[in-house]
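Observations on the model geometry
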Amino acid sequence: MDVLRRMWNYWNQVDGQVLLFLRPPKPKTREQILSVFLLPKNVPVEEVKAQMGNSVYIETAAQCKLINGERYTVDCLEGCKIQPQRAEFSLGCGPNYHPTFEIFLPYMLEEIYIMIRDQKDADVWMRRVVLTAPGPAKTPKWSPPVQDVEMMGLINILDNLGDGSFKEFKWFLSREMLGSIPLITENQLLTAGRKETIYLMVQEYGLDRTSTVMKRVLGKMNMNINLNMLEELTTATSGTKGDSDAKLDPITTKTKMDVSKDDTKPMKPPSRFTPELKTESTKVSYRFRCPGPGGFQCTLTGLVFVMDQEAELLYRTIQWDESLLQSAGKTPAGPLFDIQCPEDAVCELHLPHCETKDGLCPEGLLSVVHFTDDGMTIIEPLEITDTHVIVKVPHLSAFGLVWALEILGRLWNNIKPIGGEVLLFLRPPDRGLRVLDVFLLPSNIPLPEVAAQQGDAKYIKISSDCKLSIGQSYCLHCEPQGFHIQPECAEFRSKYGPNFFATFEVFLTTNPKKVTLTVQDQERTEVWKRCVPLPEDRLPAEAGLPAEAGLPAEAGLPAEDRLPADERLLQVRIQFINRVSEAVLDQLLDKLLRHHVITFAEMESLKTKNRAKTARNVIDAVQKKGPEASSVLIAALCEVDQCLSRVLALR
């Protein structure tokens, strides 16, 4: 038996990585959470960072060996609380990245010793982790030992700059944007030395792209000598790195993947991309231009497109015709994607599934439906991996995964679980009452599709993976007790839209800083349990923002003379559109996002290439959200553009 297990482990062992993110402490509790991710090595760090908000990425030696399907535990010498107790590592990753473990740390803990162990209690990863300084600046309290030759070379290049030139370098660096957002801010660079600046760049861009960014900044400074040094450094080190996985990032999208000569199946893992999002009402659409042949995986939906040529992809989810499916003995096993792309550009499509290993055993369980003007066609998969169903693409229209009802019925009788996720959204207070919405969903439903329907509710990041059985009843428990939960029990269904409604609602009659949620099946077996820190209500009263929000209050007018904030915005709408600058709009969007007035998807949809149109989108979107949201915009404008706020009589 041990021999068979060793053989199984050998074939299922993959190169993995352990990524660590430290959430900033809450003002009142001062408690911090260290998020621990167990991921395949080919997942780009930048992609996970993009979903972690203002959490600080802690750089450490991340490489390890992990076994697909193995359950792991985390321990720390400091005896901190850790959730969950065990978690299974899976090659299925994206479109949403949730922490595998969460470690609750006392405030201002400077270092922690972390151990990850397998099912036999053997250590697979051990590190002493020095924690970075808390707070929004993300400035490290320490600089790690620089062992990489290229990193030392980059520091030497900055050492050759005089103090004045180094300040100029940092100024240009703070203007390097991801869309309209600086990846490294002036505040972060204010006190950073040369070594700390390189560390910040590597932390945000990765080592390879740091050279590219440095080259661009030095070019703007006309520092030809240092530019030549950088060229020599990158040339000297390029031959020692070996082949790396091709990947797309938010700034550079020209990397191409190798494809085989016989067909276009990627020889490497697909490059990952984050598409442009457009949200209209509650409908989400995705857009991305593939730079050439190869495989490209969407980080938001999990779809993989294998391309024959450069082309633009447009795709969205649409509603299933379940009566048509049932007549063919099928039922939805994933979202139905309407995909538009030039003919013959996409040759292969990989659709993410939510099956466990056991669920993949029966032949014929999963297939792909293709809808065209001529009707519905069932496509048998070329291959079913641990994460995706792969099909050849005759021509593009609507594609979706389906289960065979007959086979699925037999699996239901045996209660075979599928990969699930628990998503949490906290509604803004209504007459002092907050409601926590709890969703039990299949794991292959994209998060943006659910978030787009939740209005002003705030998504709470928490490790969400679990296994759920279709047709089985589940109940939710909450500690502290006394909160009303409805319904008492709910049946888990594999619904893939068009509407996503909360499975449970928790009515928070008091204002707890955190709650412990437990999902149990009908045998009272625990399937998911997490301690959930609840975000504080950061929207201001009409009198202005609280002091800790960092924005000035609207305290210029007597209370009896002040109109509601949304009406004040309406009065100055035309002047705002005509006068506000593009740079100020970028800062306003950042502050609206930080104070949860808008979501990330809304921020992306509000931005356009036309300044006046963006200004119109911003003021109209915020004004429609009411007085509290409008107060945030007014206070933010008073901070970032005092001149304009005086002209508009908003101060």
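Thresholds applied
- Residues numbered from 1 in each chain as written.
- Predicted model: local features only at pLDDT ≥ 70, side-chain atom pairs only at ≥ 80, totals over all residues.
- Heavy atoms only, no water.
- Axes fitted to C-alpha atoms, helices over the stretch in contact; angles between N-to-C directions.
- Helix = DSSP H or I, 4+ residues; strand = E, 2+ residues; numbered from the N terminus.
- Parallel < 35°, antiparallel > 145°, perpendicular 65-115°, else oblique.
- Left-handed = near helix turned anticlockwise from the far one by under 90°.
- Contact = heavy atoms within 4.5 Å.
- Nonpolar A, V, L, I, M, F, W, Y, C, P; charged D, E, K, R; others polar.
- Salt bridge = Lys/Arg side-chain N within 4 Å of Asp/Glu carboxyl O.
- Buried < 20%, exposed > 50% of the residue type's maximum accessible area, 1.4 Å probe, protein only.
- Pairing = 2+ DSSP bridges.
- Phe/Tyr/Trp six-rings, centres within 6.5 Å; stacked < 30°, edge-to-face > 60°.
- Lys NZ or Arg CZ within 6 Å of the ring centre and 35° of its normal.
- Expected span 1.5 Å × (residues − 1).
- Core = buried A, V, L, I, M, F, W, Y, C linked by side-chain atoms within 4.5 Å.
- Polar contact = N/O pair within 3.5 Å; in protein donor to acceptor, adjacent residues only side chain to side chain.

Helix packing geometry: the angle between the two helix axes and the distance between the axes. Contact geometry for helix α14 (residues 582-594) and helix α16 (residues 611-624): axes closest at 10 Å, N-to-C directions at 30°. Judged on the interaxial angle alone, α16 and α14 are roughly parallel. When you trace α14 past α16, the crossing you get is left-handed. Residues Glu582, Leu585, Leu589 and Leu592 of α14 touch α16, and the partners they reach there are Arg611, Thr614, Ala615, Val618 and Val622. For the contact of α14 with α16, the per-class residue count stands at six nonpolar, one polar and two charged.

This next bit is on the pattern of salt bridges. Applying the stated rule across the entire model yields 20 salt bridges. Residue Asp123 pairs with Arg117 through a salt bridge whose shortest N-O separation is 2.9 Å. With a relative accessible area of 39%, Asp123 lands in the partly exposed category. Lys625 serves as the salt-bridge partner of Glu602, at 3.2 Å between the closest nitrogen and oxygen. Taken together, the positions of Glu602 in helix α15 (residues 600-606) and Lys625 in the loop between α16 and α17 (627-640) put the pair 23 residues apart, joining distant regions of the chain. Accessibility expressed as a relative area gives 25% for Lys625, which makes it partly exposed. One network of salt bridges, with partners in common, ties together Asp75, Arg117, Asp121 and Asp123.

In spatial order, the strands read β14-β15-β18-β19-β25-β21-β22; together these seven strands make up an open sheet with antiparallel pairing. Each having just a single partner strand, β14 (276-280) and β22 (375-379) make up the two edges of the open sheet. Neighbour-to-neighbour, the strand axes of this sheet turn through a mean angle of 25°, independent of strand direction. In the sheet, strand β15 (residues 283-290) pairs with strand β18 (residues 311-318) via six bridges, with the strands oriented antiparallel.

Tallying each qualifying case throughout the model produces nine aromatic pairs. Both rings, one in Trp320 and one in Phe371, keep their centres 6.2 Å apart while their planes meet at 70°; by these two values the pair is edge-to-face. Linking Trp320 in the loop between β18 and α9 (322-327) with Phe371 in strand β21 (residues 366-372), this pair joins segments that are 51 residues apart in sequence. Residue Phe371 is classed as buried on the basis of its relative accessible area of 16%. Feature note: the residues Phe21, Phe37 and Tyr57 constitute an aromatic cluster, connected by ring pairs. Cation over ring: Lys81 sits above Phe104, and NZ or CZ is 5.4 Å from the ring centre. A cation over a ring is seen here: Arg194 above Phe166, with NZ or CZ 4.4 Å from the ring centre.

The end-to-end C-alpha distance of α17, which contains 14 residues, comes to 20 Å, matching closely the 20 Å that a straight helix rising 1.5 Å per residue would cover. Across the 14 residues that make up α17, a large majority, 11, are buried. If you follow the buried residues of α17, they end up packed against α12 (565-571), α13 (573-579), α14, α16 and α18 (642-647).

Turning our eyes to something else, we now look at the nonpolar core. Taken as a class, soluble globular proteins show a tendency for nonpolar side chains to be buried jointly. Core analysis: the largest hydrophobic core is formed by 85 residues, its most contacted members being Met307, Leu424, Leu436 and Leu517. With residues near it in sequence (within four places) discarded, Leu517 still touches Leu424, Leu436, Val438, Leu476, His477, Cys478, Trp528, Lys529, Arg530 and Val532.

Across the sheet, four strands lie side by side as β32-β30-β34-β35; this open sheet has antiparallel pairing. With one partner strand each, in any of the chains shown, β32 (489-491) and β35 (526-533) form the two edges of the open sheet. For this sheet the average axis-to-axis angle between neighbouring strands, irrespective of direction, equals 25°. Taken together, the seven bridges between strand β34 (residues 514-521) and β35 define a ladder with antiparallel strand orientation. When the bridges of β35 are listed, Val515 appears paired with Val532.

Below, the discussion takes up the environment of Leu22. Assignment of secondary structure puts Leu22 in strand β1 (residues 13-22). A relative accessible area of 2% means that Leu22 is categorised as buried. Between the C-alpha atom of Leu22 and that of Val56, which follows or precedes it by 34 residues, the distance is 5.0 Å.

In this section: the side chain of Gln520. Here Gln520 is to be found in strand β34. Of the residues examined, Gln520 reaches a relative accessible area of 17% and is grouped as buried. A distance of 3.1 Å separates polar atoms of two side chains, one belonging to Gln520 and the other to His477. Ignoring any residue separated from it by four or fewer positions in sequence, one finds Gln520 in contact with Ser473, Tyr474, Cys475, His477, Thr525, Glu526 and Val527.

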